[in-house]
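Spelled out from the first residue to the last, the chains are:
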Amino acid sequence: MKPTAEQIAVADLFRQGDTMVVDALAGTGKTTTLRLLAASTRRRGVYVAYNRAIVDDVATSLPWRCSARTAHSLAMSAVGHRYRHRLGQPRLRSYEVAQRLGIRPIVVHHGLPNPKRLAPGWLAGHVMQGLAAFANSADPEPTAAHFPYREGIDLPDVTGRRSTVNNRIVAEELEGALRKAWQDITHPDGSLRFTHDHYLKIWALGHPTIEADYVLLDEAQDTNPVLADVLARQSAQVVYVGDENQQLYAWRGAVDAMATFAPEHRRSLTQTFRFGLALADVANEVLDALDASLRIVGNPERTTTVGPLAGRAPDAILCRTNAEALHVVLGAQTRGQPVHLVGNGTEAAAFAKAVADLRTTGFTAHPDLACFDTWGDVQDYVAHDPGGSELRLMVSLVEKFGTEGILRAVSGTIPEGPGVLTVSTAHRAKGRQWPVVRLGGDFADLDPTTPELRLQYVAVTRAIEHLDRTALETPAERDARRTGAAEVPTVEDTVR
């Protein structure tokens with residue numbers, strides 16, 4: 001395919017050899033452009049992405065001089081293999097973590113009607129959250145600043161503002177335990193639970209050099225801060241590629257690695273190949289609400305319609321939440337409709353089976369649940385222990401659908417193919433596309449905040465031929481359409 005003027009401009013800047021940014025809106029040929037860059041030079045390169053599925057997809061089409069790696073695979077090859085035996089260790093009970101770290105109760109009282117005693121187990125969970133924050137950061141060592149703010153320790157002051165005094169006291173008293181926890185993590189024979197993010201952090205702290213003349217970083221708008229720091233230290237040319245409007249993981253610490261670059265080091269891809277003018281209008285409405293710097297140019301050679309399906313079956317239903325996705329899957333199975341769940345739900349199924357075993361026998365080997373004796377213990381842990389946030393989603397799914405409902409939903413799904421309905425969360429749909437897309441009913445609950453608008457932007461830009469966005473209609477729009485008082489919002493693209 002002949003490169004567009006925008007792609008040629010990107011390639012021209014790439015040949016200058018300086019670190020640069022490519023702002024690539026939805027469907028604008030980002031992957032094709034990266035292949036163009038890799039094919040335009042005889043230098044050695046490496047394409048880096050956080051997601052294994054994306055890397056596997058891109059790897060097959062890159063020239064041999066450019067390898068494709070995840071950040072974790074780079075770290076595993078360098079240092080992670082020394083800790084491979086520690087991966088998959090069972091979760092420890094909070095009181096066991098407290099014993100290993102020598103954590104004692106802390107009493108706080110500033111601004112409280114009565115002193116509050118914080119138990120060692122609760123404090124141990126707080127330490128492990130601080131440890132996760134440090135591992136995700138670009139900081140050289142763990143400090144009290146890595147502890148998240150915990151509600152309930154402090155009360156609002158007389159002006160109604162949130163106080164932080166007791167949180168600071170707790171963080172300062174636990175800093176030693178946090179450092180001890182990191183020492184355990186970095187020891188090959190440590191006993192605390194070791195994760196993939198831990199060896200990534202260990203690798204980053206060694207200030208590694210990526211053996212390449214240039215690095216192509218995909219999805220740069222959702223870069224782990226620890227990886228962003230590694231790339232900022234490279235002498236190689238780095239090409240940051242992404243779409244700031246598709247940043248979905250800021251809530252877990254991801255940063256936009258493209259944000260600070262000056263215009264002379266940026267190029268844009270705005271011409272979408274995926275969909276036509278009508279859907280571009282819908283996407284641009286969301287970009288207007290986000291006050292984005294760029295707008296999508298629709299493809300005049302595509303005919304895309306927007307409106308109710310009116311009896312036409314969708315190829316994919318995209319949901320805001322995992323709970324809605326499972327609900328849609330169960331509904332399709334009840335109707336006898338073949339259905340595929342993106343991500344396959346294997347993680348949810350394994351968790352549900354472990355919960356069933358725990359309820360029946362009082363034991364399960366699942367690493368996240370092996371330390372609990374009852375399901376009630378798990379629920380209490382999620383409700384009251386800071387470390388329980390890692391399990392909160394899975395516990396909520398079990399409480400909503402039951403173990404049998406989850407297992408039935410997952411076991412009844414099949415691979416994608418003709419005549420198979422694909423169900424996905426909008427998060428997992430990023431980078432994907434389908435001919436006919438319908439938004440899940442839970443998009444009706446969307447709040448017009450920046451994170452939610454970004455999720456909406458991702459969802460509406462997955463369609464090629466038709467988008468049913470009925471879930472986003474206001475009550476007035478819905479009533480007007482049903483009574484015929486307004487033109488039915490099914491718009492066919494025309495060359496304008």
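Residues numbered from 1 in each chain as written. Predicted model: local features only at pLDDT ≥ 70, side-chain atom pairs only at ≥ 80, totals over all residues. Heavy atoms only, no water.

Undergrad: Now, about the side chain of Q89: what can you tell me, with residues and values included?
TA: Position of Q89 relative to the elements: it lies in the loop between helix 4 (71-78) and helix 5 (94-101). Q89 has contacts with G190, S191, L192, R193, F194 and P367, leaving out every residue within four places of it along the chain. (Helix = DSSP H or I, 4+ residues; strand = E, 2+ residues; numbered from the N terminus. Contact = heavy atoms within 4.5 Å.)

Undergrad: Go over the sheet that holds strand 3 (residues 66-70), please, and point to the residues and values.
TA: Strands pair in a sheet through their backbones, by hydrogen bonds, and they do so in one of two ways: parallel or antiparallel. With respect to topology, 6 strands assemble into an open sheet ordered 3-2-6-7-1-8, the strand pairing being parallel. Either end of the sheet is taken by a strand with one partner, and the two such strands are strand 3 and strand 8 (266-269). Averaged over neighbouring strand pairs, the angle between their axes works out to 20° when direction is ignored. Of the strand pairs in this sheet, strand 6 (residues 214-217) and strand 7 (residues 237-242) are connected by 4 bridges, and their pairing is parallel. In the sheet register, L216 faces strand 7, and the bridge partner there is V239. The sheet contacts of helix 1 (residues 5-15) involve strand 1 (20-24), strand 6, strand 7 and strand 8, and relative to strand 8 the element is tilted by about 155°. Along the sheet, helix 4 makes contact with strand 2 (45-49) and strand 3, crossing strand 3 at roughly 90°. (Pairing = 2+ DSSP bridges. Axes fitted to C-alpha atoms, helices over the stretch in contact; angles between N-to-C directions.)

Undergrad: Describe the pattern of salt bridges, with residues and values.
TA: For the coordinates displayed, the defined rule picks out 19 salt bridges. The partner of D23 in a salt bridge is R266, with the nearest N and O atoms 2.9 Å apart. Here the residue D23 occupies a position in strand 1, and R266 occupies one in strand 8, the gap between them amounting to 243 residues. Pair check on accessibility: D23 and R266 agree, each one buried. Among the charged side chains, a salt-bridge network with shared partners connects K30, D218, E219, D222 and K430. (Salt bridge = Lys/Arg side-chain N within 4 Å of Asp/Glu carboxyl O. Buried < 20%, exposed > 50% of the residue type's maximum accessible area, 1.4 Å probe, protein only.)

Undergrad: Requested: an account of the environment of D57, with residues and values cited.
TA: Relative to the helices and strands, D57 resides in helix 3 (residues 52-59). C-alpha separation for the pair D57 and L112, spaced 55 residues apart in sequence, amounts to 55 Å.

Undergrad: Would you mind going over the packing of helix 1 against helix 2 (residues 30-39) in detail, with residue names and values included?
TA: The description of two helices packed together rests on the angle between their axes and the distance between the axes. Packing of helix 1 against helix 2 leaves a shortest axis separation of 10 Å and a crossing angle of 40°. The orientation of helix 1 relative to helix 2 falls into the category oblique. In terms of crossing hand, the pair formed by helix 1 and helix 2 is right-handed. Together, Q7, V10, A11 and F14 of helix 1 and T32, T33, L36 and L37 of helix 2 make up the contact between the two elements. Split by residue class, the contact of helix 1 with helix 2 holds 5 nonpolar, 3 polar and no charged. (Parallel < 35°, antiparallel > 145°, perpendicular 65-115°, else oblique. Left-handed = near helix turned anticlockwise from the far one by under 90°. Nonpolar A, V, L, I, M, F, W, Y, C, P; charged D, E, K, R; others polar.)

Undergrad: Could you give an account of the confidence of the model for the chain, with specific residues and numbers?
TA: Taken over all residues, the pLDDT of the chain has a mean of 90, while the share at 70 or more is 96%. With pLDDT under 50 throughout, residues 485-496 is counted as low confidence; its partners more than four residues away or in other chains account for 30 contacts. (pLDDT = per-residue confidence, 0-100.)

Undergrad: Quick rundown of the nonpolar core? Include the residues and the values.
TA: One recurring pattern in soluble globular proteins: nonpolar side chains tend to sit buried together. Formed by 55 residues in total, the largest nonpolar core has its most connected members in L101, I103, L123, V127, L174, I210 and Y240. Here the element with the most residues in this core is helix 7 (residues 165-186); it accounts for 8 residues. Contacts of Y240, omitting those with residues within four sequence positions, involve T19, M20, V21, V22, L217, A220, L231, A232, A257, M258 and F261. (Core = buried A, V, L, I, M, F, W, Y, C linked by side-chain atoms within 4.5 Å.)

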